[in-house]
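# Fold and geometry: a report
Each chain, written out:
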Amino acid sequence: MTQQLLVRYDSFDRAAFDGDAENRSNAGVSLLQLWRGSGSHWALFGINDADKARDWLDKTAALGHGPAEHHFLETA
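Read on for a plain summary of the structure. (Residues numbered from 1 in each chain as written. Predicted model: local features only at pLDDT ≥ 70, side-chain atom pairs only at ≥ 80, totals over all residues. Heavy atoms only, no water.)

In this model, the largest pocket occupies a volume close to 170 Å³. Contributing to the lining of the largest pocket are Asp20, Asn23, Asn26, Ala27, Lys52, Asp55, Trp56, Lys59, Thr60 and Leu63. Residue contributions to the lining of the largest pocket peak at 5 residues, all from helix H3 (residues 50-62). When its residues are assigned to classes, the lining of the largest pocket shows 3 nonpolar, 3 polar and 4 charged. (1 Å grid on protein atoms, 1.4 Å probe; cavity = no way out; pocket = protein on both sides within 12 Å on 5 of 7 lines; lining within 4 Å. Points joined across faces, edges and corners; volume = space filled by probe spheres on them. Helix = DSSP H or I, 4+ residues; strand = E, 2+ residues; numbered from the N terminus. Nonpolar A, V, L, I, M, F, W, Y, C, P; charged D, E, K, R; others polar.)

Okay, structure coming up:
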């Protein structure tokens, strides 16, 4: 099964998002798709280690540019 992470950003800073690419990569989190909706952005990431992905989420939240919500998913 493949693990993925779906996140929603209410406040999206593209420069901060792009600047975090190396941190995401080090956490085994890779961007698959990015969507812009009415007032928010959604991103779908592939992950290879859920614990590292959770650590990355905690760090981005502490820095003030983390997602408003997130969901870990597995292919069925």
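With that settled, the discussion passes to the sheet that holds strand S3 (residues 41-47). If you walk across this open sheet you meet the 4 strands as S2-S3-S1-S4, and the pairing is antiparallel. The open sheet is flanked by strand S2 (29-36) and strand S4 (69-74), the only strands paired with a single partner. Averaged over all adjacent pairs, the angle separating strand axes in this sheet is 20°, with direction ignored. Bridge analysis of strand S1 (residues 3-9) against S4 gives 6 bridges, and the strand direction is antiparallel. Among the inter-strand pairings, Leu5 is bridged to a residue of S4, identified as Phe72. (Pairing = 2+ DSSP bridges. Axes fitted to C-alpha atoms, helices over the stretch in contact; angles between N-to-C directions.)

Before going further, it helps to spend a moment on the packing of aromatic side chains. Geometrically, a pair of aromatic rings is defined through the distance of the ring centres and the angle of the planes. Per the stated rule, a full pass over the model turns up 5 aromatic pairs. Geometrically, the ring pair formed by Tyr9 and Phe12 is edge-to-face, given 5.5 Å between the ring centres and 65° between the ring planes. For Phe12, a relative accessible area of 22% translates into the label partly exposed. The interplanar angle of 85° and the centroid separation of 6.0 Å between the aromatic rings of Tyr9 and Phe17 together place this pair among those described as edge-to-face. The exposure classification of Tyr9 matches that of Phe17, with both residues buried. Within the aromatic cluster, the residues linked to one another by ring pairs are Tyr9, Phe12, Phe17, Phe45 and Trp56. For the cation-ring pair, Arg24 lies above Phe17, with the distance from its terminal atom to the ring centre recorded as 4.1 Å. For Arg54, the ring lying beneath its charged end belongs to Phe72, and the centroid distance is 4.6 Å. (Phe/Tyr/Trp six-rings, centres within 6.5 Å; stacked < 30°, edge-to-face > 60°. Buried < 20%, exposed > 50% of the residue type's maximum accessible area, 1.4 Å probe, protein only. Lys NZ or Arg CZ within 6 Å of the ring centre and 35° of its normal.)

This is a description of form; function is not addressed.
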